[in-house]
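Observations on the three-dimensional arrangement
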Amino acid sequence: LAGLRAGEGQGTPLYLRLRRSIEDALSHGVIRPGDALPSEREIAARTEMSRVTVRKAVQDLVASGLLIQRHGSGTFVAPRVDRVEQSLSRLTSFTQDMARRGMTAHSEWIDRGIYPPSPDEMMVLGLSSRELVARLSRLRLANDTPLAIERATLSSDVLPDPGTVTSSLYTVLQRTGKRPVRAVQRISATNLEEADAALLRVPAGAAGLSIERISYLASGRVIEFTRSIYRGDTYDFVAELRLAE
Ligand code: GLP
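Residues numbered from 1 in each chain as written. Predicted model: local features only at pLDDT ≥ 70, side-chain atom pairs only at ≥ 80, totals over all residues. Heavy atoms only, no water.

**Looking at the overall build of the protein chain**
- Looking only at helices and strands, the protein chain has seven helices and 10 strands in total.
- Its C-alpha atoms give the protein chain a radius of gyration of 22 Å, clearly above 18 Å, the size a compact globule of 245 residues would have.
- In terms of overall dimensions, the protein chain has C-alpha extents of about 70 × 45 × 35 Å along its principal axes.
- A separation of at least 24 residues holds for 59% of the contacts in the protein chain among residues at least 6 apart in sequence.
- As presented, the protein chain carries roughly 13800 Å² of accessible surface, and 51% of it is formed by carbon and sulfur atoms.
- Charged side chains of the protein chain number 33 positive and 29 negative; the gap between the two group centres comes to 2 Å. (Helix = DSSP H or I, 4+ residues; strand = E, 2+ residues; numbered from the N terminus. Rg over C-alpha atoms; globule rule 2.2 N^0.38 Å. Contact = heavy atoms within 4.5 Å. Areas by Shrake-Rupley, 256 points an atom, 1.4 Å probe, with all protein chains shown as cover. Lys, Arg positive; Asp, Glu negative; His and termini not counted. Charge placed at Lys NZ, Arg CZ, Asp CG, Glu CD.)

**Some details on the domain arrangement of the protein chain**
- Domains assigned within the protein chain are domain 1 (2–77) and domain 2 (84–238).
- Here domain 1 and domain 2 have C-alpha centroids that lie 37 Å from each other. (Domains from an automatic or database assignment.)

**Notes on the pairing of strand β6 (residues 145–155)**
- Counting buried positions along β6 yields nine of 11 residues, so the element is predominantly enclosed.
- Of the strand pairs in this sheet, strand β5 (residues 133–142) and β6 are connected by 10 bridges, and their pairing is antiparallel. Across the sheet, residue Ala142 finds its bridge partner in β6, namely Thr145.
- The hairpin turn running from β5 into β6, its antiparallel successor, is two residues long, and Asn143 in that turn takes a positive phi close to 45°. (Buried < 20%, exposed > 50% of the residue type's maximum accessible area, 1.4 Å probe, protein only. Pairing = 2+ DSSP bridges.)

**With respect to the site of the ligand**
- Taken together, 14 residues sit near the ligand, with Thr95, Glu150, Ser168, Leu169 and Glu224 positioned nearest.
- Take Phe94: an N or O atom from its main chain is 3.0 Å from an oxygen atom of the ligand.
- A distance of 2.8 Å separates an oxygen atom of the ligand from a polar atom in the backbone of Leu169.
- Burial of the ligand by the surrounding chains reaches 99%, relative to a free accessible area of 390 Å².
- Using a 2 Å cut-off from the grid points, one finds that the ligand occupies the second largest pocket.
- At the level of secondary structure, the elements contributing two or more residues to the shell around the ligand comprise α4 (94–100), β5, α6 (169–175) and β9 (222–231).
- Among the elements that make up the shell around the ligand, the one with the highest residue count is β9 (three residues).
- Tallied by class, the residues present in the shell around the ligand amount to four nonpolar, five polar and five charged. (Near = heavy atom within 4 Å. Polar contact = N/O pair within 3.5 Å; in protein donor to acceptor, adjacent residues only side chain to side chain. 1 Å grid on protein atoms, 1.4 Å probe; cavity = no way out; pocket = protein on both sides within 12 Å on 5 of 7 lines; lining within 4 Å. Sits in = over half its atoms within 2 Å of the grid points. Nonpolar A, V, L, I, M, F, W, Y, C, P; charged D, E, K, R; others polar.)

**A word on the pairing of β5**
- Across the 10 residues of β5, nine count as buried, placing the element largely inside the fold.
- Here strand β4 (residues 105–115) pairs with β5 via 10 bridges, running antiparallel. Bridge pairing in β5 places His106 opposite Leu141.

**Quick look at the environment of Ser219**
- If you trace the backbone, Ser219 turns up in the loop between β8 (207–216) and β9.
- Through-space distance from the C-alpha of Ser219 to that of Ala198 is 40 Å; in sequence the pair is 21 residues apart.
- At 3.4 Å, the side chain of Ser219 and the backbone nitrogen of Arg221 are in polar contact.

So, in structure tokens, the structure goes:
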């Protein structure tokens, strides 16, 4: 920040210039994940900017997930999340995946309810417009770090009361003898839209993975249609490949 002074450069709002120089310091490793930032007063004194300007730049970076604020102890560079390695060939649940890594899975509800199906839900789940679906939209977190937004749809006769899903959907399905045994999963690249990025605590436009899972019972019936957005900076999908015969 030393090179930045209130009088330099024209046109760009001051708080934006300060924000960019903090981002530069981050990308060049001058400040690292976990480091404490100088206080607002100190930054203001060093850059000869007002406290209001400094606060605006810092708030912007907190909103985009690069900085975190802890009450009473100050502002820190957000810790880097260890990447999660996920096999592409095993049908597991989020809760199981995290438990296997010694992490605790946790969900925050975005929406949970019974709705008339959308045209694509009708098609995938094989329902008519008179039937209903259960929708579960959750922010999925591991050790309090958001990793994914999952929007699952099931036929309402499979899950008549979405309120019964308090933590793991697959555990509830298991209990009722409806745990899927096979799934087809499609993964594509995406840039996170503002609302999703804010939930995942990353900057808007950051890289993400869009994952669609259609899962089946042994009878061949489709049981689940889930569209998820995973943070691109935390997930590695790994597949074992065998020589084609
Ligand atoms: C994975 C899948 C989802 C599935 C979920 C169930 O994350 N991508 O399609 O719905 O697991 O997880 P849980 O049983 O933890 O709710």
